[in-house]
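# A structural walkthrough
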Amino acid sequence: MFVDFFYHLRHFGLKVTVTEWLALVRALASGHSRADLNTFYHLARCLLVKRETDYDTYDRAFASFFHDVEHDINITDEILDWLEDPITPDISDEDRAKLEALDLDELLERFRETLEEQTERHDGGSRWIGTGGTSPFGHSGAHPSGIRVGGSGGGRTAVQVAESRQFRNLRSDRILDTRQIGVALRRLRRLNRDDGPEELDLDQSIDASARNAGEIELVFAPPKRNRIKLLMLMDVGGSMDPHTVLCERLFSAAHAANHFKEFEYRFFHNCVYAKLYTDIARWKGEPTSDVLHNLDHTWSIVFVGDAWMAPYELLSVGGAIDYFHRNTRPGIAWLQEIRRRVSNSVWLNPVQRRHWSAPSIQLVHQVFPMFELTLDGLTEAIDVLRGTRPNRPQIAPADSDDRRYA
Amino acid sequence: MTFNRFQGTDTYLATPELRNAVNVAIALEKPLLIRGEPGTGKTVLAEAVAESLGLELISWNIKSTSKAQDGLYVYDTVQRLNDARFGDGDISDIRRYIKHGPLGRALVSSKRVVLLIDEVDKADMEFPNDLLHELDRMSFSVTETGEQFTAHQRPIVIITSNNEKELPDAFLRRCVFQYIAFPEKNTMANIVRVHHPNVEDELLKEVLLRFYWLRDLPSLRKRPSTSELVDWIAALARGGVGIEALADELPFLGVLLKRETDVEIALSARR
């Protein structure tokens, strides 16, 4: 039962390792288990969960695991059982090695000894018994009464705490504030020595001084600079309105990030055609070909848009939603040209992935790698731009016939 | 091994779960990693732990240029080179030029100390990994002299992070982790009382109402934190602002909000 909790947590996607689990066993075995499930909830959390973004997952796992427990659990027996047979079939060799390094027999033996001692001295009250501080185990004189469901003192029980899921807002796949976006964008850098004010180059100075028979000679070199040039193309208006706040945050974070060598932004409506706009109202525009002309492979492009439109807006001549465009070239062709010119390009979509089956989204996804506009999605997109993740759009299904949308 | 050693201090209110995490970290002799919004009292925690246990506090404030090695010791070669050129001092004794850093001092100390590694995420991505060995073994050697130092008493290590960078898994595995959530109203009232014991209940209630209203504005770039609230109350007290004034306006808003756009957002939301 006790070890089940370990697998239960892993089943929920928490990457709890054996080392961390053993730390919990150590803490429990050394007397921290006298308290109720509340204490166990916090104890296990601070030892097994290392990111606040995982707190919510932990809460869900904890709630579902302990929800049905009605009787008292004696945690001490559970640990004993587990120590007797700790190697379960699905434990990896690496983990097995870690367990063996601990010398389990010895651990078990010592644990038993202290337990026996404890029974004998049960009346002795709250004296702490240890074996000189070297043992991984110590315990309180009071026999650990085990974990009881239903915390003491009228406070909320741990299950209730877990069920209230107060850390839901910290989940990394849900929220995005300006600062988090800024932090994510900070990972987007490519350092190179460039021109600029010089700074002392220590290695070269040492080298030069050594060649100079110890007479100190100072060498200066330009500092390292970020070379990333970023163009952000944002869909505004229409179906993007519900996502305004999110997109504003992304935009302001990117704008505030001063570590890019160059940062440019343009706006479009639904799809890119012959013109890109420098203002949200889309009054002031410049030809897309001019914008593209100034780009080369040193640039990265981030599209932000829902790619949600009628398929003909992408596929037909004259299909632009703003009829005055009368585009002579289908939108998809513009997108493909941008992709050809700047392969370091990604598409961030504020629409949840499960809705991506819409035809227009599918089509755009086949041109650009597409990610959800969440913290996780943004991180993945940045990994693509950094070259640490394959830069691949979705492959068109074999039976797709683009013409049918035209 | 005993639990429940740290109970908080007069000036620092620790929630039960935070106390629990501190005590687990002390008992298991693992570093305690504290994460949370700025202004939730992460750094002050280390001071409180040191104070309540009567131990010396050694602080190591991490900067973007910090190296793990600097925390252990620095071999001041430039000084030695200078001494050699100008004939000052005994340059044959290298130990004279070994300067212990904060981590080094915590390890060589004859007494148990509290070591605060503040804002660990400011440094390079690999920085935490470079610390792993020393934090595990609590010992280090000085290559230049061949000396080996092992801690007599494992220091209590408290590490804070503002979440600017993701920390490496190997590092996280070795830590006890606690996230300090932003305090809710009742806790906040207690915290404010520690700093301003004389503030009236009614005023405090009104101030907190305004404060949490501000924090909940969705489009705010930088939400005001505890320290800013404490400053705000001090400003209100100095300025002699009463409850009535708070109802219609937000005096000294600049103490809470540091960005022009945020001030505009707050003012327009008032209407």
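One can find the structure itself at the top, above this paragraph.
### Concerning the pairing of strand β8 (residues 156-161) of chain B
All names here are of chain B. Burial of β8 is extensive: 6 of the 6 residues sit out of reach of the surface. Along β8, one buried face is formed by Ile156, Ile158 and Thr160 and the opposite face, lined by Val157, Ile159 and Ser161, is buried too. Both strand β1 (residues 32-36) and β8 contribute to a ladder of 4 bridges, which runs parallel. Of the residues in β8, the one forming a bridge with leucine 32 is isoleucine 158. One ladder, built from 4 bridges, connects strand β5 (residues 113-118) with β8; its direction is parallel. By the bridge assignment, leucine 116 is partnered in β8 with isoleucine 158.

### Some remarks on the packing of aromatic side chains
All chains considered together, the criterion is met by 24 aromatic pairs over all chains. Residues Trp60(B) and Phe127(B) carry aromatic rings whose centres are separated by 5.6 Å and whose planes lie at 65° to one another, so their mutual orientation is edge-to-face. Separated by 67 residues along the polypeptide, Trp60(B) in strand β2 (residues 56-61) and Phe127(B) in helix α6 (residues 127-137) bring together distant segments of the chain. Since its relative accessible area comes to 6%, Trp60(B) is described here as buried. Relative to Tyr212(B), the ring of Phe211(B) has its centre 5.4 Å away and its plane inclined at 85°; by these criteria the two rings are edge-to-face. Among the aromatic residues, ring-to-ring pairing joins Phe5(A), Phe40(A), Tyr41(A), Tyr58(A), Phe62(A) and Phe65(A) into one connected group. Taking NZ or CZ as reference, Arg45(A) lies 4.1 Å from the ring centre of Tyr55(A), over its face.

### Here we look at the packing of helix α3 (residues 37-48) of chain A against helix α4 (residues 55-66) of chain A
Residue and element names in this part refer to chain A. Contact geometry of α3 with α4 gives a least axis separation of 11 Å together with a crossing angle of 140°. By the angle between their directions, the pair α3 and α4 is classed as oblique. The hand of the α3/α4 crossing is right-handed. In this structure, α3 contributes Leu37, Phe40, Tyr41, Ala44 and Arg45 to the contact, and α4 contributes Tyr55, Tyr58, Asp59, Phe62 and Phe66. The residue inventory of the contact of α3 with α4, partitioned by class, reads 8 nonpolar, no polar and 2 charged.

### Points about the environment of Leu250(A)
Turning to its location among the elements, Leu250(A) is positioned in helix α11 (residues 244-256). Taking the C-alpha atoms as reference, Leu250(A) lies 9.4 Å from Leu185(A); in sequence the two are 65 residues apart.

### So, helix α1 (residues 2-11) of chain A
Among the residues of α1(A), Phe2(A), Val3(A), Phe5(A), Phe6(A), His8(A) and Leu9(A) are the ones counted as buried. Phi turns positive, to about 95°, at Gly13(A), one or two residues after α1(A).

### Focus on the sheet that holds β8(B)
All names here are of chain B. Pairing within the open sheet is parallel, and its 5 strands lie in the order β2-β5-β8-β1-β9. Edge positions in the sheet fall to β2 and β9 (176-180), since each has one partner strand and no second. Neighbour to neighbour, the strand axes of the sheet diverge by 20° on average, direction disregarded. Taken together, the 5 bridges between β1 and β9 define a ladder with parallel strand orientation. Within β9, the residue paired with arginine 35 across the bridge is tyrosine 179.

### A closer look at the pattern of salt bridges
This structure, assessed with the given rule, holds 21 salt bridges over all chains. With a closest N to O distance of 2.7 Å, Arg51(A) and Asp169(B) form a salt bridge. Pair noted here: Arg51(A) is in the loop between α3 and α4 and Asp169(B) is in helix α7 (residues 169-173), and the two residues belong to different chains. The salt bridge involving Glu29(B) is made with Arg154(B); its shortest N-O contact spans 3.7 Å. In this pair, Glu29(B) sits in the loop between α1 (16-28) and β1 while Arg154(B) sits in the loop between β7 (147-150) and β8, placing the two residues 125 residues apart along the sequence. Judged by its relative accessible area of 25%, Arg154(B) is partly exposed. What you see here is one network of salt bridges that share partners, running through Glu264(A), Arg266(A) and Glu286(A).

### Side note on the pairing of strand β6 (residues 139-142) of chain B
Residues and elements named next belong to chain B. In this sheet, β7 lies alongside β6 in antiparallel orientation, the contact comprising 4 bridges. Each bridged residue has a counterpart across the sheet, and for valine 142 the counterpart in β7 is glutamate 147. The turn linking β6 back onto β7 is made up of 4 residues, and glycine 146 within it adopts a positive phi angle of 75°.

### What about the nonpolar core?
All names here are of chain A. Ranked by size, the top nonpolar core spans 86 residues in total, and within it Phe5, Leu24, Phe40 and Leu47 carry the most contacts. Among all residues touching leucine 24, those that are not within four sequence positions of it are Phe2, Phe40, Leu43, Ala44, Leu47 and Leu48. Core analysis: the second largest hydrophobic core is formed by 33 residues, Val272, Leu314, Leu363 and Met370 among them.

### Here's the deal with the packing of helix α9 (residues 201-215) of chain B against helix α10 (residues 226-238) of chain B
All names here are of chain B. Packing of α9 against α10 brings their axes to within 11 Å, and their N-to-C directions diverge by 130°. Classified by the angle between their axes, α9 and α10 sit oblique to one another. For the crossing formed where α9 meets α10, the hand is right-handed. In this structure, α9 contributes Leu204, Val207, Leu208, Arg210 and Phe211 to the contact, and α10 contributes Leu229, Trp232, Ile233 and Leu236. Here the residues of the contact of α9 with α10 sort into 8 nonpolar, no polar and 1 charged.

### Considerations on the environment of Phe251(A)
Residue and element names in this part refer to chain A. Within the fold, phenylalanine 251 resides in helix α11. Taking the C-alpha atoms as reference points, phenylalanine 251 and leucine 233, separated by 18 residues in sequence, lie 10.0 Å from one another. Excluding residues within four positions of it along the chain, phenylalanine 251 makes contact with Met232, Met234 and Tyr265.

### What about unusual backbone geometry?
Residue and element names in this part refer to chain B. Despite not being glycine, glutamate 29 has its phi angle at roughly 55°, a positive value. With a phi angle near 55°, phenylalanine 252 is a residue other than glycine that sits in the positive phi range. Tracing the backbone through its elements, the reader meets phenylalanine 252 in the loop between α11 (243-248) and α12 (253-256). Assessed through its relative accessible area of 38%, phenylalanine 252 is described here as partly exposed.

Scoring rules and cut-offs
Residues numbered from 1 in each chain as written. Chains lettered and ligands numbered in written order. Predicted model: local features only at pLDDT ≥ 70, side-chain atom pairs only at ≥ 80, totals over all residues. Heavy atoms only, no water. Buried < 20%, exposed > 50% of the residue type's maximum accessible area, 1.4 Å probe, protein only. Helix = DSSP H or I, 4+ residues; strand = E, 2+ residues; numbered from the N terminus. Pairing = 2+ DSSP bridges. Phe/Tyr/Trp six-rings, centres within 6.5 Å; stacked < 30°, edge-to-face > 60°. Lys NZ or Arg CZ within 6 Å of the ring centre and 35° of its normal. Axes fitted to C-alpha atoms, helices over the stretch in contact; angles between N-to-C directions. Parallel < 35°, antiparallel > 145°, perpendicular 65-115°, else oblique. Left-handed = near helix turned anticlockwise from the far one by under 90°. Contact = heavy atoms within 4.5 Å. Nonpolar A, V, L, I, M, F, W, Y, C, P; charged D, E, K, R; others polar. Salt bridge = Lys/Arg side-chain N within 4 Å of Asp/Glu carboxyl O. Core = buried A, V, L, I, M, F, W, Y, C linked by side-chain atoms within 4.5 Å.

Geometric values such as these leave the question of function open.
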